[in-house]
Amino acid sequence: MDRIVVKIADYRIASGSTILTTYGLGSCLAVVLYDPEIKTGGMGHIMLPNGNSVREPGNPKKFADLCISYMLRELEDKGCKTDRMVAKIAGGAKMFELQYKEKLGIGERNRDAVLAELAKRRIPLMAEDTGGNYGRTVEFYTENGHMLIKSLRHATKVT
Amino acid sequence: MKKLSEGELDFLRELSNIGVGHAATALSQLIGRQVGMRVPKVTIVDLSSVPELMGGSERIVSGVYLQVLGDARGGILLIFPDESSKALLKLLLKGEEDPLSEMGMSTLKEVGNILASAYLSVLGNMLDITLIPSIPSLAHDMVGAVVDLVLINLGEVGDTAFVFETEFYDIAEDIKGHFFLLPDPDSIDVIMETIKRKHG
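The structure presented is a predicted model; accordingly, all values stated were derived computationally and were not measured. (Residues numbered from 1 in each chain as written. Chains lettered and ligands numbered in written order. Predicted model: local features only at pLDDT ≥ 70, side-chain atom pairs only at ≥ 80, totals over all residues.)

**Here we look at the overall build of chain A**
The number of helices and strands found in chain A is two helices and 10 strands. Walking chain A from its N terminus toward its C terminus, one meets helices and strands in the order β-β-β-β-β-α-β-α-β-β-β-β. Computed over C-alpha atoms, the radius of gyration of chain A comes to 15 Å, within 12% of the 15 Å expected from 2.2 N^0.38 for 159 residues, which places it in the range of a compact globule. For the C-alpha atoms alone, the extent of chain A along its principal axes is close to 50 × 35 × 25 Å. Expressed as a percentage of its 159 residues, the buried residues of chain A come to 45%. By sequence separation, contacts in chain A at least 24 residues apart represent 63% of the contacts at least 6 residues apart. (Helix = DSSP H or I, 4+ residues; strand = E, 2+ residues; numbered from the N terminus. Rg over C-alpha atoms; globule rule 2.2 N^0.38 Å. Buried ≥ 20, exposed ≤ 12 C-beta atoms within 10 Å, placed from the backbone. Contact = placed C-beta atoms within 7 Å.)

**Digging into the nonpolar core**
Nonpolar side chains in soluble globular proteins tend to be buried together. Formed by 99 residues in total, the largest nonpolar core has its most connected members in Val31(A) and Leu77(B). Excluding anything up to four places from it in sequence, Leu77(B) contacts Gly63(B), Tyr65(B), Val147(B), Val150(B), Phe179(B), Phe180(B) and Leu182(B). (Core = buried A, V, L, I, M, F, W, Y, C linked by C-beta atoms within 7 Å.)

**With respect to the pairing of strand S5 (residues 137-142) of chain B**
Residues and elements named next belong to chain B. Burial analysis of S5 places five of its six residues in the buried class, the great majority of the element. Two elements, strand S2 (residues 60-70) and S5, share six bridges in a ladder whose sense is antiparallel. For serine 62, the partnering residue across the bridge sits in S5 and is histidine 140. (Pairing = 2+ DSSP bridges.)

**Side note on the interface of chain B and chain A**
Opposite the 28 residues of chain B that make contact, chain A presents 30 residues. The dominant element in the side of chain B that touches chain A, judged by the number of residues it contributes, is helix H5 (residues 143-155) of chain B, at nine residues. For the side of chain B that touches chain A, the class distribution of residues is 15 nonpolar, eight polar and five charged. (Nonpolar A, V, L, I, M, F, W, Y, C, P; charged D, E, K, R; others polar.)

**Thoughts on the sheet that holds strand S3 (residues 18-25) of chain A**
All names here are of chain A. The mixed open sheet is built from five strands, whose spatial order is S1-S3-S8-S9-S10. Two strands lie at the open edges of the sheet, namely strand S1 (2-5) and strand S10 (157-158), each paired on one side alone. Pairing between strand S9 (residues 146-150) and S10: two bridges, direction antiparallel. Directly across from isoleucine 149, in S10, lies its bridge partner lysine 157.

**Comments concerning the sheet that holds strand S5 (residues 40-46) of chain A**
Residue and element names in this part refer to chain A. Spatially, S2-S5-S4-S6-S7 is the arrangement adopted by the five strands of the open sheet, whose pairing is mixed. Each edge of the sheet is formed by a strand with only one pairing partner; in this case those strands are strand S2 (10-15) and strand S7 (125-130). Each neighbouring strand pair of the sheet contributes to a mean axis angle of 10 degrees, computed without reference to strand direction. Pairing geometry for S2 and S5, over six bridges, is antiparallel. Paired with alanine 14 across the two strands is glycine 41, which belongs to S5. In this fold helix H1 (residues 64-77) packs onto S2, strand S4 (29-35) and S5, with an angle of close to 160 degrees to the strand it touches most, S5. Seen against the sheet, helix H2 (residues 106-120) touches S4, S5, strand S6 (86-91) and S7 and runs at an angle of roughly 20 degrees to S4. (Axes fitted to C-alpha atoms, helices over the stretch in contact; angles between N-to-C directions.)

**Concerning the packing of helix H3 (residues 82-93) of chain B against helix H4 (residues 102-127) of chain B**
Residue and element names in this part refer to chain B. Contact pair H3 / H4: the axes reach a minimum separation of 10 Å and the direction vectors enclose 90 degrees. With respect to H4, the axis of H3 lies roughly perpendicular. Side by side, H3 and H4 meet where Ser85, Leu88, Leu89, Leu92 and Leu93 of the first sit next to Met103, Gly104, Thr107, Leu108 and Val111 of the second. Tallied by class, the residues present in the contact of H3 with H4 amount to seven nonpolar, three polar and no charged. (Parallel < 35°, antiparallel > 145°, perpendicular 65-115°, else oblique.)

**Focus: the pairing of S9(A)**
Residues and elements named next belong to chain A. What you see with S9 is a clean split: Met147 and Ile149 sit on the buried side and His146, Leu148 and Lys150 on the side with no burial. Where strand S8 (residues 136-141) meets S9, five bridges bridge the pair, whose relative direction is antiparallel. By the bridge assignment, phenylalanine 140 is partnered in S9 with methionine 147. Taking the residues that link successive antiparallel strands as the turn, the S8-S9 hairpin has four residues, and the phi of glycine 145 there is positive, at about 80 degrees. Counted along the chain from S9 to the antiparallel partner S10, the turn is six residues long.

Structure representation (structure tokens):
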């Protein structure tokens, strides 16, 4: 099986017997969009909620909203249909206990932004493994739509 | 983020060397033995390549994070590879100690506290502002997960990161660490401008 590594602030598309992998997610979030009909999907590794809330957007793929819309466009070019598509997400942890807290941790804000974006496009969320205070490595198998979540101190999860 | 020239980066490296020099003195007094520290390199890297720079996203590290309070806000993150945190604990506690034990964790936090305080006092003096570190917080996990908070902070203002390599010398153990200085978006310009002015 081929393995494609998704780097931070990037997304990759794959189909057939491929494993999309992203390593060591903390507050970042992995977003998987998948069309089971043609066994094609994409994985994004996002860092921030929205592209319009920052001073210098730079690389658009680091934002939940922009990453999802770029990824969807490319998936549609590959023959995917939005109304067949499902989503899975993982990550969004809170790695450090902060003394002076922000209103909401960045992990949670990322999660909220992704859920809003999915709801807007009516893409159902099939699985979620978010929160906690530990890092995650995520693998997605385009052959069967399974997502594997590995961490240092917890058993591997399959969704 | 405004670009810094080679000379300005050198200036920042010198400043960091003074900061960790003070920290080394504090550490030496704590353990009753001479320990030296220096910053051989300050690098500006693309955000997405930071985990690779630190040995790959899945490498296990100890990270100590402190919020910076006072006239400028932000954070400081210190990262020690697993081997280095073990060696550091051996040096400080004069015995084997697991980085995950109660004693190991509080010792690593204290090291973070000493380094951050020393560094902030040097930086504050130079900028004529008061910078106070918060209570340290520790994470022992995959490096990608430990640094992504930093990358997120930096990602709000640009796509590059400052990474200061830090190494210990005058000791038999091979101890290396990285530290990140992360001014909040509002504080970054103040610091950059001051560096440019003081250097120029």
